Amino acid sequence: PTGLPYLYVGLVFRERLEALRQTLDPEGDDPAMQSMVIVAHSMGGLVTRTLVCDSRMEIWNTVFKVPPEAIRGEPEDVAWLEGMFIFSPAPFIDRVVFIATPHRGAEAAGSFLGQVGSRMVELPDYFKERVERLAAQNRDVATDAMQGVIDRGAPNSIRALRPSHPVMQALGELPIDPEIQFHTIMGNRGHDVDEPVSDGWVDYESVHLEAAVSELIVPTGHAAYSHPGSIAEIKRILRLNLNEPSESGGQVASQ
């Protein structure tokens, strides 16, 4: 569900990818399973960052004043928290294509429309119950920056997209593993490229990544994945990965 926080969805995504690998390649000897390419749109790019970044304790320390072992609760609940906030790069990811990903948040999430959308999000009971259970036992462990966020209840994806959100800022600061090559694509609502670039939801400054192997701007809105130029670019990148795996260090000129 798109209303769930992206760090939680990242945890689920990592677990399901690992289950997929165990099912399709239980011996771990299929080269294709060790050279995955992720094509991620919008919030899916934030989910993907949990597979390609080393969080160390940066995000955990943004949220909590105490280490994981000081969190009170059932062992599975504490492990759930650790899985969300502490992660490292997956060794089987070779390359990523980020499409309209708000790496530094989206101002529109704090707009009137974003607030309305946030109020309409209904989080699943299992998620709310676990958050409420942990919150009841750990009311004194949140950092000052997160206390106001927590007081408003279980977080949803739209609220967590605001550029001012502490977790959004911490995630945006994490470097992507240098062993993983990545590309960016974004829309510009049909404007010329020399005008301020925005797809109507995410601005260029949030999508742009300095170390990207290539960057493409297409004349369309936030659903840039459906533009013919984007489709051609994704095909080019997939062919590139077949012929030139990331460990070869090959580069593609920026577009």
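As shown above, the structure is provided for reference.
Below you will find a few notes about this structure. (Residues numbered from 1 in each chain as written. Predicted model: local features only at pLDDT ≥ 70, side-chain atom pairs only at ≥ 80, totals over all residues. Heavy atoms only, no water.)

Concerning the nonpolar core
Stage number 1. Within the largest apolar cluster, 49 residues are counted, with the highest numbers of intra-cluster contacts made by Tyr6, Ile59, Leu81, Phe85 and Ile93.
Stage number 2. Mapped by element, the contributors of at least two residues to this core are helix H1 (6-24), strand S1 (36-41), helix H2 (43-52), helix H3 (58-63), helix H4 (75-85), strand S2 (93-99), helix H6 (125-137) and helix H8 (166-173).
Stage number 3. If sequence neighbours within four positions are ignored, Tyr6 has contacts with Met43, Leu46, Val47, Ala160, Leu161, Val167, Met168 and Leu171.
Stage number 4. Formed by nine residues, the second largest nonpolar core is a distinct cluster that contains Val97, Leu216, Ile234 and Ile237. (Core = buried A, V, L, I, M, F, W, Y, C linked by side-chain atoms within 4.5 Å. Buried < 20%, exposed > 50% of the residue type's maximum accessible area, 1.4 Å probe, protein only. Helix = DSSP H or I, 4+ residues; strand = E, 2+ residues; numbered from the N terminus. Contact = heavy atoms within 4.5 Å.)

Observations regarding the packing of H1 against H4
Axes are the key here: two packed helices are described by the angle between their axes and the distance separating the axes.
Stage number 1. With their axes 8 Å apart at the nearest point, H1 and H4 run at an angle of 95 degrees to one another. Between H1 and H4, the crossing angle belongs to the class labelled roughly perpendicular. Taking contact as the criterion, the partners of Leu7, Tyr8, Leu11 and Arg14 in H1 are, on H4, Trp80, Gly83, Met84 and Phe85.
Stage number 2. Among the residues making up the contact of H1 with H4, the classes are represented as six nonpolar, one polar and one charged. (Axes fitted to C-alpha atoms, helices over the stretch in contact; angles between N-to-C directions. Parallel < 35°, antiparallel > 145°, perpendicular 65-115°, else oblique. Nonpolar A, V, L, I, M, F, W, Y, C, P; charged D, E, K, R; others polar.)

Examining unusual backbone geometry
Stage number 1. Notably, Ser42 is not glycine yet its phi reads approximately 55 degrees, a positive angle.
Stage number 2. Mapped onto the elements of the fold, Ser42 is located in the loop between S1 and H2.
Stage number 3. Owing to a relative accessible area of 11%, Ser42 belongs among the buried residues under this scheme.
Stage number 4. With a phi angle near 50 degrees, Ala100 is a residue other than glycine that sits in the positive phi range.

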